[in-house]
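Survey of secondary and tertiary structure
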Amino acid sequence: MSEAAVSSVRRKPQGLAGALAKFRQWDASGIFVALIVLCLVLAVAAPAFLSQYNLSVVARQASFVGLVALGQTLVLLIGGIDLSLGAAAGLSAIVGGLMLTSVGIHPYLVVPLTACFGFLLGTINGFFTARLRLNPFIVTLASWEIFAGATLVITKGYPIRPLGDAFQWFGRGEIFGIPVPVVIFLAAGLILSYVLARTRFGRNIYAIGGNRDAANLVGIRVWRIEFIVFGLAGMLASLAGILYAARMNSAQPSVGEGWLMGAITAAIIGGTSLRGGQGTIIGTIFGALLMAVLANGIVLLNVSGYWERVIVGLVVLIAILVDLFRRR
Amino acid sequence: MGSFSRTLLGAAVASGLAMAGGSALAFDQGSLIKPIDGPLTLVFIPKVIHPWYEVVKAGAQAAADEFAKEGIEVDVRWDEPPQADVADHNRRIETNIGRHPDGLAVSCLDPSTNVQLLQEAVDAGINVITFDTYCSDDFHFVGHKNDAQDGADLAAFLAEKIGDKGKVGILAGSLTAANHAARVQGFKDEMAKHPNIDIVFEQPDDDSLEKAVSLTENALQANPDLVGIFGSNASNPIGAARAVDNAGLTDQVTIVGMDDLPETLQFIEDGVIAGVKAQRQWEIGYWAVKYLVAMNQNHTVPMEHATGSQILTKDVLAQQ
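Described below are features of the structure shown in this document. Source: prediction; values computed, not measured.

Remarks on the overall build of chain A
- Counting its regular elements, chain A contains 15 helices and two strands.
- Residues counted as buried form 52% of the 328 residues belonging to chain A.
- Taking contacts inside chain A between residues at least 6 apart in sequence as the whole, the part at least 24 apart equals 76%.
- Of the roughly 15,100 Å² of accessible surface on chain A, a fraction of 68% belongs to carbon and sulfur atoms.

Quick word on the nonpolar core
- Membership of the largest hydrophobic core comes to 96 residues, with the highest contact counts inside it found for Leu67(A), Leu70(A), Phe167(A) and Trp259(A).
- Among the elements that line this core, the one with the most residues is helix 12 (residues 222-248) of chain A, at 15 residues.
- If sequence neighbours within four positions are ignored, Trp259(A) has contacts with Phe64(A), Val65(A), Val68(A), Ala89(A), Ala240(A), Gly241(A), Tyr244(A) and Ala87(B).
- Core analysis: the second largest hydrophobic core is formed by 55 residues, Ile129(B), Val213(B), Ile238(B) and Val253(B) among them.

Digging into the pattern of salt bridges
- All told, the structure shown has 23 salt bridges over all chains when counted by the stated rule.
- For Lys145(B), the salt bridge goes to Glu304(B), with nearest N and O atoms at 3.1 Å. Residue Lys145(B) is found in the loop between strand 5 (140-143) and helix 5 (147-161), and its partner Glu304(B) is found in strand 11 (residues 304-306); the two are separated by 159 residues along the sequence.
- Under the relative-accessibility criterion, Lys145(B) is labelled partly exposed at 33%.
- Taken together, the shared-partner salt bridges connect Arg60(A), Arg172(A), Arg247(A), Glu94(B) and Glu120(B) into one network.

Thoughts on the packing of helix 10 (residues 200-210) of chain A against helix 12 of chain A
Residues and elements named next belong to chain A.
- Between helix 10 and helix 12, whose axes approach to 10 Å, the crossing angle comes to 105 degrees. By the angle between their axes, helix 10 is roughly perpendicular relative to helix 12. Packed against helix 10, whose contacting residues are Phe201, Asn204, Ile205 and Ile208, the element helix 12 presents Val222, Ile225, Glu226, Ile228, Val229 and Leu232 at the interface.
- Per-class residue counts for the contact of helix 10 with helix 12 are eight nonpolar, one polar and one charged.

Regarding the packing of aromatic side chains
Residues and elements named next belong to chain B.
- Counted according to the given criterion, the structure contains 19 aromatic pairs over all chains.
- On the basis of an interplanar angle of 15 degrees and a centroid distance of 5.4 Å, the ring pair of Trp282 and Tyr286 is categorised as stacked. In this pair, Trp282 and Tyr286 both sit in helix 10 (residues 281-296), four residues apart, roughly one turn of the helix.
- With a centroid separation of 5.2 Å and 85 degrees between ring planes, the pair formed by Tyr286 and Trp287 is classed as edge-to-face.
- Judged by its relative accessible area of 11%, Tyr286 falls in the buried class.
- What links up through ring pairs into an aromatic cluster is the set Phe44, Trp52, Tyr53, Trp78 and Phe131.

Thoughts on the interface of chain A and chain B
- Of the residues lining the interface, 32 residues belong to chain A; the matching set on chain B comes to 30 residues.
- A combined buried area of about 2,800 Å² lies between chain A and chain B, and 50% of that area is made up of carbon and sulfur atoms.
- Ranking the residues of chain A by area buried against chain B places Met248(A), Val299(A) and Tyr306(A) at the top, with a combined share of 21%.
- Counting across the chain A and chain B interface gives five salt bridges.
- Note that Glu94(B) is salt-bridged to Arg60(A), the shortest N-O span being 3.2 Å.
- Inspection of the region where chain A meets chain B yields 16 residue pairs in polar contact (both at pLDDT 80 or more).
- Looking at the side of chain A that touches chain B, the elements that each hand over two or more residues are helix 4 (52-77), helix 8 (165-172), helix 12, helix 14 (281-300) and helix 15 (305-327) of chain A.

Some details on the pairing of strand 4 (residues 128-132) of chain B
Residues and elements named next belong to chain B.
- Buried residues dominate strand 4, accounting for five of its five residues.
- Here strand 3 (residues 103-106) pairs with strand 4 via three bridges, running parallel. In the strand pairing of strand 4, Val106 is matched with Thr130.
- In this fold, the crossover linking strand 3 to strand 4 by way of helix 4 (residues 111-123) has right-handed handedness.
- Two strands pair when backbone bridges link them, and strand 4 and strand 5 are joined in this way by four bridges, in the parallel orientation. Pairing of Phe131 across the sheet is with Val142, part of strand 5.

Calculation rules
- For every chain, the first residue of the written sequence is number 1, and numbering continues from 1 along that sequence.
- As they are written, the chains are lettered A onward and the ligands numbered 1 onward, keeping that order.
- Per-residue local features of the predicted model are confined to residues with pLDDT of at least 70, and side-chain atom pairs are confined, for both listing and counting, to 80 or more; whole-chain, interface and lining totals are unaffected and use all residues.
- For side-chain calculations, the full set of non-hydrogen atoms in the structure is used, while hydrogens and water are omitted.
- Here a helix means four or more residues in a row that DSSP labels H or I, a strand means two or more in a row labelled E, and each is numbered from the N terminus.
- Each residue is placed in one exposure class: buried if its accessible area under a 1.4 Å probe, protein chains only, is under 20% of its type's maximum, exposed if it is over 50%, and partly exposed if it falls in between.
- Should any heavy atoms of two residues lie within 4.5 Å, those residues are counted as being in contact.
- Residue burial considers only the protein chains on display, and all accessible areas are found by Shrake-Rupley using a 1.4 Å probe.
- Residues belong to a common nonpolar core when they are buried Ala, Val, Leu, Ile, Met, Phe, Trp, Tyr or Cys residues joined through side-chain atoms within 4.5 Å.
- Basic side-chain nitrogens of Lys or Arg form a salt bridge, by our definition, when they fall within 4 Å of a carboxyl oxygen of Asp or Glu.
- For helices, the fitted axis covers only the stretch in contact; all axes are lines through C-alpha atoms, and the angles between them, taken along N-to-C directions, range from 0 to 180 degrees.
- Roughly parallel means an angle under 35 degrees; roughly antiparallel, over 145; roughly perpendicular, 65 to 115; everything else is oblique.
- For this classification, the nonpolar set comprises Ala, Val, Leu, Ile, Met, Phe, Trp, Tyr, Cys and Pro, the charged set comprises Asp, Glu, Lys and Arg, and every other residue, Gly included, is treated as polar.
- The criterion for an aromatic pair is that two Phe, Tyr or Trp rings (for Trp, the six-membered ring) have centres within 6.5 Å, with stacked assigned to planes under 30 degrees apart, edge-to-face to planes over 60 apart and tilted to the rest.
- Note on terms: buried area is the combined drop in 1.4 Å-probe accessible area of two parts once they are placed together, counting the loss on both.
- What qualifies as a polar contact is a pair of N or O atoms within 3.5 Å, subject to a donor-acceptor requirement within protein and to the restriction that residues adjacent in sequence count only when both atoms come from side chains.
- Between any two strands, pairing holds if DSSP finds at least two bridges.
- Crossovers are marked right-handed if the path from the first strand over the helix to the second runs clockwise, as seen with the strands pointing away from the viewer.

Written out as structure tokens, the structure is:
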């Protein structure tokens, strides 16, 4: 870059240089660049990557873990963690499946009702962590076991299927060519971005994560906000679970088991701090996309299964390093 | 099917022309078979990375090598989930549909969700075979699906070994794996015919060797007079054997289970495991490749090829 461009940044950001400076200040720029680079590499190395079918598959895969990751981001922002989200997704899928098949509730009502159920599950964690001030790691470790166990008690390990044609639209349908779960994921991301940036509730979330005691002192009703955040996290996880069930036409007891670490990883590589108070929704969305693109690329490039987890770990490390250098 | 009916139409038109030419009506069925032009890519998706599939791989490679000699290049690729995770497994099937290989062989991890995606693969015009674990009559299957019978056979074998009386335990495998559940049910149904044998514990080991070891240790503590253990998968008889061996109870406890992993064979050789029902999974890999290539040639292939299983004991191994 020329000297003139640099000095123009110093005076008043304008044009391309200004945009670049703004971009570098943007919280999610590191993960965004990593995502774009990975996509470019794959587009060259694996022609199938850019096919419309493959892109919709990747986006849909990202949206399931992504919904859980959005919930995890909220909890991380208040300085907590929720280990039960994967299990909550599984249990919600089962309960939603039963609403459809055993109770006979209308398919369009099942998704919001399941979301309410997920909110309730989340508030169980919220009660113990926010009201009784117990360590969220321990509380959600316990509720993880209880939710996963309840799933097995209800199902005896058998899936609930079929769920019916009307219901499958939520998992397989498209709105303007975009898969429904992706639309719901992006909509949830947009709403949360707005809430975090523009509402008092959102600012309070950051305040609590930054310094809980200070937040208390300035009169923020901390426990109520924490309670609701855990509820929202449960709700987002339950959406992931029920949408996955709709995609597969089957509420499967083990669904959600593998989402916990993926969701935490997506949030963290998206720039959310484990210490609370720092992170963005857009970062998490990119994080979820990066993980899904990576998993897709591993299959497309036929990477040996034995190496796969090593590579995922390395890419996560690189993503964090890119972010570190950006901040310096 | 589309190409099949096109070929049929072509054959019909050709024979119609032949008739017009005045010669006898002839329909050369051999012309339905399409030559393989160019290399074929076959993708295998097992349930999880597991030594058991190494033998399937060897069989698949042997078939590919045979085709290579005939001048047909077959590239067998394995897309293996590092963990038995339903979402990850389904993601691989989905991604491979987009990749459109010449053949897709899937071992069903979760039949209820897998069938949905396998149907989408078939609809996309991909040749699909299920192997190892059966999931639906809608898809070709190469493997052994008589899981309940395996459990029953091992129950009868165990009953005979322990003199038809005493306490036995079950390592139930993964609660969400249909084949494990069927073996356990078969075992229990057979044991119901042996009134002097009590099943005193039944615990899921989640197909984890370490968990099978600790469950067996606990079971031996709770039931010092245990005389038999049934393992419902490939890893839990090894886990049980390690625990029983460590406790020095080899003479008291008779272990039966599934499959012939190297460590299992060693334990049979050492007299710690009495017998296992072993599948011929080399055959599964071999025939899956043969059939997928045949499907590309527009041959007919069986909906089901039962590769069977047999009880391996020290005596059987000594004969080899």
